[in-house]
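Here is how the chains run, residue by residue.
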Amino acid sequence: MKELKMIGGYARRYWPRYVLGIVALALVDLMNVYIPQYTGEITDGLRAGTIDMDGVWRLVGWIVLLGAGMAAGRFAWRYFIFGACLTVQKDMRGDLFAHLETLSTRYFNEHKTGDLMAHFTNDLQAVRMLMGPTVVTAFDATVMLVMVLGKMMFYVDLRLTLVAVIPLLLIMYGDYAYGKVMHRKFFAKQRAFSTLTDQVQEAVSGIRVIKAFVQERKELAAFARVNQLNQDKNMDVARTQALFLPLLDLVVGVSGLLTLLYGGYLTIAGEITLGQFEAFNLYIGMLVWPMMAAGECITFISQGMASVKRIQIILDERPEITDGPDTAGIESLRGEINLDGLTFTYPGQEQEALSHVSVHVKRGETLAILGRTGSGKSTLANLLLRLYNTERGMIRVDGHSIGEIPLPVLRRDIAYVPQDSFLFSDTLERNIAFGAEGKTLEDVQEAAKNAHIHDNIMDFPENYQTVVGERGVTLSGGQKQRTSIARALLKDAPILILDDALSAVDTDTEEQILHSLRLNRSGRTTIIIAHRISTIQNADHILVLDDGRAAEYGTHQELMARGGIYRSVYDRQQLEKQLHEEGGAAS
C-alpha cells in the first residue's frame, strides 16, 4: 500500500528514537504488571500469618521502586516517540511544501488555496497522531494485553482467565468494523474542513469587495452552509465514537461481572486464594486500558491513513513543466527572442489562445504588445516564462528552443511584472529585494528611484522598513505596481516583461518610468504589454493581437500610416484624453 510505504519511509529516518521509546514503554508495562502480584502477596501473607512487617515494608518498597521506574520510563517514551512524531510532521510539512513549489500553474488553477491549507493543518495533525500516540497506544495495548493475560493465567487460574476473556473476543470483530466505518467518515470530515477553510480564506481575501457590494449577509449565509456541513461531518464521526466506546465499556463490565461470580466461587471453594482473587480483579481493571486503547487506536489509524491518502494524492502529482533530456548546458541568456508560428491552446479548452504568431526581437530591443482583453497578451508572457509547454521550436531564446533552456536559468534571467502585482506581507525593502541575492539597501533604493516609488516610500513612517499588508493591501494600485517594477529592475535580468504593469499609474509617472527604462536597460531586451498607446509608442516593434492572431506588426509610425486597429485605438484614446482635459478645465 502506497500510503504505508510513505509513512514507513518517514519512520525509518528516526527508527533509533522509536526503538528507544518502545523499549522504555515495554519496561513500564513489565513493571506495571508486578504491582497487583505484590499487592496479592501482601494480602495472602497477612491473612495466613506468613509475612511480618519487615516483609510488608519490603514489598511496599518494591512497589515504590516500580512506581519510580514507571515514572522515568514514561518520561523516556514520551520524549523519544513524541519527539520523533513531531519531527516526522515537520519533515512531511517541508516535503509537501517543497513539492507544491514544483507543481505547474495548471495545478494551482484547479485547486483552491483553502483546500491546500487544510493539508498543512488538519491532515498533518492527524498524521502526527498516527506516528506518535497511535504507536504508543498500539504497542502499549498489545504488550499490556499479553503480560496481563500471562499473569492472569499463570499466577491466578487459567479457567478464570478464559471465562473473563470470552466476552472480550467480541471486541475484535467490533474493532474491524469500526475501523472501516471511521476511515470513510473521517475522509469526508477532512474534505468538509477543506471546503470550510477555502470559504474563510476567500472571504477574508475579498473582504473589501464584499463590503463594497454590501454582500455581508450573502457571504454569511454561504459560510453558514459550509460551516454546517463541517459540523455535520464532525458530528458523524463523534456519533460513531460515542456508540462504539460505551459498547467497549459494556463488554469490559460483563467480563468483570463474570470474574466476580466465577472468581468468587473459586475463592470460596479454596481453588484460588483471596490474594489471587484480589490480584485478578486488579488485572481485569488493567485490561480495560488495552480494550479501550483498541478503539482509540483504530480511530487514530483511520484518521491518520485518511489524511495520509489525501497528502499522497498531492505528492503523486507531477509537474508538466520540467527540464527534459534535451535540456542543454546553458548558463545564461542574452535576450534574443524568436516566435515562429506560435500556437497555443490552454488545457481543457478548444479555442486557441494564440494562433501562428511570429516575431523576432533582437537583443536590446523593445517589443510592445497591444490588444483587447482576452487577445492573448498575458498568454504570450506566460509562455515566455514557460509556465506552459509549447511545441518544440515555436519559441526560441538565443537560438535555443525554450524547452532546451534549464528552467532555473530561464526564470532567473527573465524579470517579470505581472498584471496582478503581488506583494508579500513583509517590509518594502524585502519585497523589492525578493529574488535578487546580495543586494544592499542602496541597491534597493536605486531600483525604487528608477521605478519612481522612492519618494512615496520615504513618506511612510518606517520608510523601507514599512510592512505592507497581505498582498500589499495597504498600498495603492499604482504604488504596488511601481514596487513590483522596482523588484524587477533590481533583478537586472537580460529580459524584462511588463504585463500591463503601468495601468494604475498616471501618464506623467508612466513617462518618467519609461524614460528610466530606456536609460537603464540599454542592451537588454524589454517586452511591454499595455493598453495605452502612450506606453508603447517608442518601442522598436509593436505587435497588435486580435483574438490570438497577429493582426498588425511594425513601428508606431508604420502602424499609424496603415490606418488599421492600432490607428483606431490611438484615435479613440486621443479623443478620450481631449474630453478628459476639457472636462477638467470646465470644472
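Residues numbered from 1 in each chain as written. Predicted model: local features only at pLDDT ≥ 70, side-chain atom pairs only at ≥ 80, totals over all residues. Heavy atoms only, no water.

Ile432, Ile457, Ile485, Leu498, Ile536, Ile542 and Tyr566 are the most contacted members of the largest nonpolar core, which totals 43 residues. No other element matches helix H17 (residues 477-491), which puts five residues into this core. Contact partners of Leu498, with chain neighbours within four places excluded, come to Val417, Ile485, Leu517, Ile527, Ile528 and Ile529. (Core = buried A, V, L, I, M, F, W, Y, C linked by side-chain atoms within 4.5 Å. Buried < 20%, exposed > 50% of the residue type's maximum accessible area, 1.4 Å probe, protein only. Helix = DSSP H or I, 4+ residues; strand = E, 2+ residues; numbered from the N terminus. Contact = heavy atoms within 4.5 Å.)

Before going further, it helps to examine a nonpolar patch on the surface. The grouping of Trp15, Val19, Val23, Leu27 and Leu30 at the surface amounts to a nonpolar patch, some 470 Å² of accessible area in total. Tracing the sequence through the fold places Leu30 in helix H2 (residues 15-48). (Patch = residues over 30% accessible without salt bridge, like charges linked within 9 Å, V, L, I, M, F, W, Y side chains within 5 Å. Areas by Shrake-Rupley, 256 points an atom, 1.4 Å probe, with all protein chains shown as cover. Salt bridge = Lys/Arg side-chain N within 4 Å of Asp/Glu carboxyl O.)

Moving on to empty space enclosed by the protein. Counted by the stated rule, this structure contains one cavity of 30 Å³ or more. Asn450, Leu489, Ile513, Ser516, Leu517 and Asn520 are the residues that line the largest cavity. Broken down by element, the residue count for the lining of the largest cavity peaks at four residues, all from helix H18 (residues 507-520). Tallied by class, residues from the lining of the largest cavity come to three nonpolar, three polar and no charged. (1 Å grid on protein atoms, 1.4 Å probe; cavity = no way out; pocket = protein on both sides within 12 Å on 5 of 7 lines; lining within 4 Å. Points joined across faces, edges and corners; volume = space filled by probe spheres on them. Nonpolar A, V, L, I, M, F, W, Y, C, P; charged D, E, K, R; others polar.)

Put simply, the largest pocket is a space of about 2300 Å³. Those elements giving two or more residues to the lining of the largest pocket turn out to be helix H3 (53-102), helix H4 (105-110), helix H5 (113-131), helix H8 (170-205), helix H12 (377-384), helix H13 (407-412), strand E6 (414-417) and H17. Within the lining of the largest pocket, the residues separate by chemical class into 21 nonpolar, 12 polar and eight charged.

The next subject is the sheet that holds E6. If you walk across this open sheet you meet the six strands as E6-E7-E8-E3-E9-E10, and the pairing is mixed. At either end of the open sheet lies a strand with only one pairing partner, and these are E6 and strand E10 (549-554). Shown here is a sheet whose adjacent strand axes are inclined to one another by a mean of 15 degrees, direction ignored. Relative to E10, strand E9 (residues 541-546) is paired through five bridges, and the arrangement is antiparallel. (Pairing = 2+ DSSP bridges. Axes fitted to C-alpha atoms, helices over the stretch in contact; angles between N-to-C directions.)

Okay, the confidence of the model for the chain next. Per-residue confidence for the chain averages 80 on the pLDDT scale, and 89% of its residues sit at or above 70. Ranking the elements of the chain by mean pLDDT puts helix H9 (residues 207-212) last with 69 and strand E4 (residues 395-397) first with 90. (pLDDT = per-residue confidence, 0-100.)

Contact geometry of helix H1 (residues 2-13) with H3 gives a least axis separation of 10 Å together with a crossing angle of 125 degrees. As summarised for this structure, H1 and H3 are arranged oblique, according to the angle between their axes. Regarding H1 and H3, the two cross each other, and that crossing is right-handed. Counted together, Met6, Tyr10 and Arg13 of H1 and Val88, Asp91, Met92 and Asp95 of H3 form the full contact between these two elements. Partitioned by chemical class, the residues of the contact of H1 with H3 number four nonpolar, no polar and three charged. (Parallel < 35°, antiparallel > 145°, perpendicular 65-115°, else oblique. Left-handed = near helix turned anticlockwise from the far one by under 90°.)

Turning our eyes to something else, we now look at the pattern of salt bridges. Evaluated as defined, the whole model comprises 13 salt bridges. Taking the shortest distance from any N to any O, the salt bridge between Asp91 and Lys90 comes out at 3.1 Å. Asp492 is the partner of Arg524 in a salt bridge, and the nearest nitrogen-oxygen pair spans 3.1 Å. Taken together, the residues span a long stretch of sequence, with Arg524 in the loop between H18 and strand E8 (525-530) and Asp492 in the loop between H17 and strand E7 (495-499) at a distance of 32 residues. In this structure Arg524 comes out as partly exposed when scored by relative accessible area, which is 24%.

The next thing to look at is the packing of aromatic side chains. Counting across every chain of the model gives nine aromatic pairs. Between the aromatic rings of Phe97 and Phe120, the centroid separation amounts to 6.5 Å while the plane-to-plane angle is 70 degrees, which identifies the pairing as edge-to-face. Note that Phe97 is positioned in helix H3 and Phe120 in helix H5, a separation of 23 residues in sequence. Judged by centre distance (5.1 Å) and plane angle (80 degrees), the ring pair of Phe422 and Phe424 falls under edge-to-face. Members of the aromatic cluster, each reached through a chain of ring pairs, are Phe75, Tyr79 and Phe80. (Phe/Tyr/Trp six-rings, centres within 6.5 Å; stacked < 30°, edge-to-face > 60°.)

Spatial strand order, E2-E1-E4-E5: four strands in an open sheet with antiparallel pairing. In this open sheet, the two edge strands, each paired with only one partner strand, are strand E2 (354-361) and strand E5 (400-401). Bridge count between strand E1 (residues 337-344) and E4: three bridges; the pairing is antiparallel. Residue pairing across strands places Leu339 opposite Ile395, the latter belonging to E4. Its contacts with the sheet put H12 on E1, E2 and E4, and the angle it makes with E1 is roughly 115 degrees.

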